[in-house]
Amino acid sequence: MGGAILAYLAKRITPMLSSIVSFLAISSAAVVFFTMTSSTDVVTVSVRNFTLQFGLNAYSWVFAAMVMGISALVSLYNIAYMSGKDRLGYFNLNFTLAIMSMMGIVFANDWISFFIFWEIMTWSSFLIVVYNGIDEGKIGTKYMIFSAVGGYAMLMAIVITNSQIDSFLIADLINAYPTFGHGMQAMIGILFLIGFSVKAAVMPLHVWAPRAYSDSPMSFTAIFSGLLSKMGIFGMAIMFISVFSKASIGDTFIYSQVIAWLGGVTAVMATFYAVIQKDAKRLLAYSSIAQLGYIVTGLAIGTKLSVMSALFLAVIHALYKGILFMAVGAVERQAGSTNLEQLGALIRKMPWTFFSALIAAIALAGIPPLGGFVGKWMLYESMITSTNPSHLFLVILIFLSSTAAFLYVYRLLFGLFLGQEEPEWDHVKEAPAPMVIPMVLMALTLILLGYAPGLLFEPIANGMEFLGFENVGWQMSSLSNIWGDTVDMQYVWGSVVTLFVLGAIFITIKNRKSTRYVTTKDIHTSGEIPEAHENLTYAVDFYKPFERAIEPVMRKTMDFYYNHFGNGLESLFGFVRKIYTGNGQTYAMYVVIFLVILLLIGEQIFK
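This text gives an overview of the structure that appears in the document.

Conventions used here
- Residues numbered from 1 in each chain as written.
- Predicted model: local features only at pLDDT ≥ 70, side-chain atom pairs only at ≥ 80, totals over all residues.
- Heavy atoms only, no water.
- Helix = DSSP H or I, 4+ residues; strand = E, 2+ residues; numbered from the N terminus.
- Buried < 20%, exposed > 50% of the residue type's maximum accessible area, 1.4 Å probe, protein only.
- Contact = heavy atoms within 4.5 Å.
- Core = buried A, V, L, I, M, F, W, Y, C linked by side-chain atoms within 4.5 Å.
- Phe/Tyr/Trp six-rings, centres within 6.5 Å; stacked < 30°, edge-to-face > 60°.
- Lys NZ or Arg CZ within 6 Å of the ring centre and 35° of its normal.
- Salt bridge = Lys/Arg side-chain N within 4 Å of Asp/Glu carboxyl O.
- Pairing = 2+ DSSP bridges.
- Patch = residues over 30% accessible without salt bridge, like charges linked within 9 Å, V, L, I, M, F, W, Y side chains within 5 Å.
- Areas by Shrake-Rupley, 256 points an atom, 1.4 Å probe, with all protein chains shown as cover.
- Polar contact = N/O pair within 3.5 Å; in protein donor to acceptor, adjacent residues only side chain to side chain.
- Axes fitted to C-alpha atoms, helices over the stretch in contact; angles between N-to-C directions.
- Left-handed = near helix turned anticlockwise from the far one by under 90°.
- Nonpolar A, V, L, I, M, F, W, Y, C, P; charged D, E, K, R; others polar.
- Parallel < 35°, antiparallel > 145°, perpendicular 65-115°, else oblique.

1. Description of the overall build of the protein
Item 1. Within the protein one finds 22 helices and two strands.
Item 2. Per-residue burial over the protein gives 54% buried out of 607 residues.
Item 3. When contacts within the protein are restricted to residue pairs at least 6 apart in sequence, long-range pairs at least 24 apart make up 78% of them.

So, in structure tokens, the structure goes:
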């Protein structure tokens, strides 16, 4: 919070200093976190009749480490990306507050502190969503409406919980939940899940996310999509594993089935929308929603293997989605566009950005040997080996989404970096070092976690045991070796590296002669030469047959139904307005009518 205030004041000296102060505040907090905090320390504060408690545990440490590590790198990227933009003090104030609020959420051991930091997170992110001007006002309004629905649902659950146990401590709810009646368990559970599902962008509560992600500055969207969405996952895991597991089997079964299938539908539908996008930012926005669907499904299934895969994918998602949004932001800053049908062939001009995006895309698509493959394999395995027969159908949805994900990541890479060079992009150069370094470091982290995922499995296993699982081992997956302390990826890595080496040798031999680079207009057909305004980029109508195939499914979006619901409410309010006219004589007439009815049938009513 101190860094946020200083970042706002520093813009009076020079705008660039504001971003530097924000980076120093976040990075120094990260150093303190990784060197001086302990997962066993707890601080209790009494405020009147309320007990507030702060501290880390084995579970919250995983999310806190993810937030601090990635935020420090993105804040470095932010210095160069936001350079020259207006109102940097306003932006960096909210940017830093958003990160502070996430740390407050994972440190909170009571619902009051949790809710306060949740609201700070919502408001600071809202103020950044509307940062770019009036056009983003409607987007921000939609975001706040859904955030308000989720926030008030959570607040109602907190108040009801306190009325039952006279405590706001999260641990007390976990212990007391089995003693509640069936109706009370359902009410508290549903209200909490609504609040967390909004932030996790679970369908049908996802409609705020596509435009909020794509229209925010990319330096914040890397945080917005990669980390803020994980606060919903953070709360969901607590509810599914620690709270609902103590309820009756029937209640847990209903909750898990509904959310698991909603996660699967979210993954498929958002993937389809991502494939047909022509703007890189919108593509990644829908991709984020789809990837969160995998994580939600894994948590809802609730087995050791599925939860391990969900939490593993949560960290991996934060890394590769952060990289991709930063890569698109770098292209936007250097080229001035993110239109996939206009850009192309930036691979030679922005090689480091392409390298980072390529690694992130491989991880996102679940292709060996990176961590995305490990997480998705474990998720498939958890559903195939599940005792619930419906999960065999659910795995089809998840596998369909994962397969289609390859289509949109290839479209992204091709549209930005591959294809033929166009003269209008001759001026493009590699992004500044403060933008490239974070992307490359996060890409190298993805490679490391693909080769040695056990580095992440150990803290996740400790967190799962804190939430209530017993004896969480890593040998539960068919990928695990006999020692159970890592995932045996040696053969996968060997096969992939061999293919890459053979491919590189083939391309080198094939192109041993000098290559002449041509534009898409360096052609002629029957003597007809394309004119300058004609767009012959290969990325135009990239997946048109696929779009035709899924058109019946995509014909009506959730916005269509929400708009009809809103119009219905508007009509209802218009009718009510005819009754409550604001005219005193009309109200006097209502009173007379009421008294007459009371005299005529009062005895029957109050008998």
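2. Topic: the environment of Gly298
Item 1. For Gly298, the position within the fold is in helix α12 (residues 280-301).
Item 2. Judged by its relative accessible area of 0%, Gly298 falls in the buried class.
Item 3. Spatially, the C-alpha atoms of Gly298 and Met383 are 8.6 Å apart, while their sequence positions differ by 85 residues.

3. Quick word on the nonpolar core
Item 1. Ranked by size, the top nonpolar core spans 188 residues in total, and within it Phe63, Phe114, Phe192, Trp208 and Phe240 carry the most contacts.
Item 2. Sort the elements by how many residues they give to this core and helix α13 (residues 304-335) lands first, with 22 residues.
Item 3. Those residues in contact with Phe63, other than ones at most four positions away along the chain, are Val106, Lys230, Met231, Ile233, Phe234 and Leu311.

4. Considering the packing of aromatic side chains
Item 1. Counted by the stated rule, this structure contains 31 aromatic pairs.
Item 2. When the ring of Phe373 is compared with that of Trp377, the centres are 5.7 Å apart and the planes differ by 55 degrees; the resulting orientation is tilted. Placement of the pair is Phe373 and Trp377 together in helix α15 (residues 371-384), with a separation of four residues, close to one helical turn.
Item 3. Phe373 sits in the buried class, given a relative accessible area of 12%.
Item 4. Feature note: the residues Tyr90, Phe91, Phe95, Tyr131, Tyr143, Trp208, Tyr213, Phe220 and Phe224 constitute an aromatic cluster, connected by ring pairs.
Item 5. For the cation-ring pair, Lys11 lies above Tyr8, with the distance from its terminal atom to the ring centre recorded as 5.2 Å.

5. Re the pattern of salt bridges
Close approach of charged atoms allows side chains of opposite charge to pair.
Item 1. Inspection of every chain in the model, using the stated rule, returns two salt bridges.
Item 2. Where Asp215 meets Arg211, a salt bridge forms, and the shortest distance between an N and an O atom there is 3.0 Å. Here Asp215 pairs with Arg211, and both are found in helix α9 (residues 209-215), just four residues apart, close to one helical turn.
Item 3. For Asp215, a relative accessible area of 15% corresponds to the buried category.
Item 4. For Lys281, the salt bridge identified is with Glu332, shortest N-O distance 3.0 Å.

6. Observations concerning the pairing of strand β1 (residues 42-47)
Item 1. Pairing of β1 with strand β2 (residues 50-55) involves six bridges; the strand directions are antiparallel. Within β2, the residue paired with Val42 across the bridge is Gly55.

7. Points about a nonpolar patch on the surface
Item 1. On the surface, Phe565, Leu569, Leu572, Phe573, Phe575, Val576, Ile579, Tyr580 and Tyr587 cluster together to form a nonpolar patch covering roughly 870 Å² of accessible area.
Item 2. For the nonpolar patch, the element with the highest residue contribution is helix α21 (residues 558-579), accounting for seven residues.
Item 3. Structurally, Leu569 can be placed in helix α21.
Item 4. For Leu569, a relative accessible area of 31% translates into the label partly exposed.

8. Details of the environment of Ser18
Item 1. By the secondary structure assignment, Ser18 is in helix α2 (residues 15-36).
Item 2. Expressed as a C-alpha distance, the spacing of Ser18 and Leu6, which sit 12 residues apart in the sequence, is 7.7 Å.
Item 3. Setting aside residues up to four positions removed in sequence, Ser18 forms contacts with Ala7, Ala10, Lys11, Leu88, Gly89 and Asn92.
Item 4. Within polar-contact distance, the side chain of Ser18 engages the backbone oxygen of Leu88 at 3.4 Å.

9. Overview of the packing of helix α14 (residues 351-364) against helix α17 (residues 433-451)
Item 1. The N-to-C vectors of α14 and α17 enclose an angle of 35 degrees; their axes lie 9 Å apart at closest approach. Regarding α14 and α17, the two cross each other, and that crossing is left-handed. Together, Trp352, Thr353, Phe355, Ser356, Ile359, Ala360 and Ala363 of α14 and Val436, Met439, Val440, Ala443, Leu446 and Ile447 of α17 make up the contact between the two elements.
Item 2. In terms of residue class, the contact of α14 with α17 is built from 11 nonpolar, two polar and no charged.

10. A few points about the side chain of Ser22
Item 1. As for its placement among the helices and strands, Ser22 is situated in helix α2.
Item 2. A relative accessible area of 1% places Ser22 in the buried class.
Item 3. At 2.9 Å, the side chain of Ser22 forms a polar contact with the side chain of Thr96.
Item 4. Ignoring sequence-local partners within four residues, the contact set of Ser22 consists of Ala7, Asn92, Phe95 and Thr96.

11. Re unusual backbone geometry
Item 1. Note the cis peptide between Met203 and Pro204, where omega equals 10 degrees.
Item 2. Residue placement: Pro204 occurs in the loop between α8 (182-199) and α9.
Item 3. Phi is positive for Ala201, close to 55 degrees, though the residue is something other than glycine.
Item 4. Secondary-structure assignment places Ala201 in the loop between α8 and α9.

12. Re the packing of α13 against α15
Item 1. Close contact between α13 and α15 brings their axes to 8 Å; oriented N to C, the two are set at 155 degrees. When the interaxial angle is binned, α13 and α15 end up roughly antiparallel. Considering the relative orientation of α13 and α15, their crossing is left-handed. Contact residues: Leu305, Ser306, Met308, Ser309, Phe312, Leu313 and Ile316 in α13; Gly371, Gly372, Val374, Gly375, Lys376, Met378, Leu379, Glu381 and Ser382 in α15.

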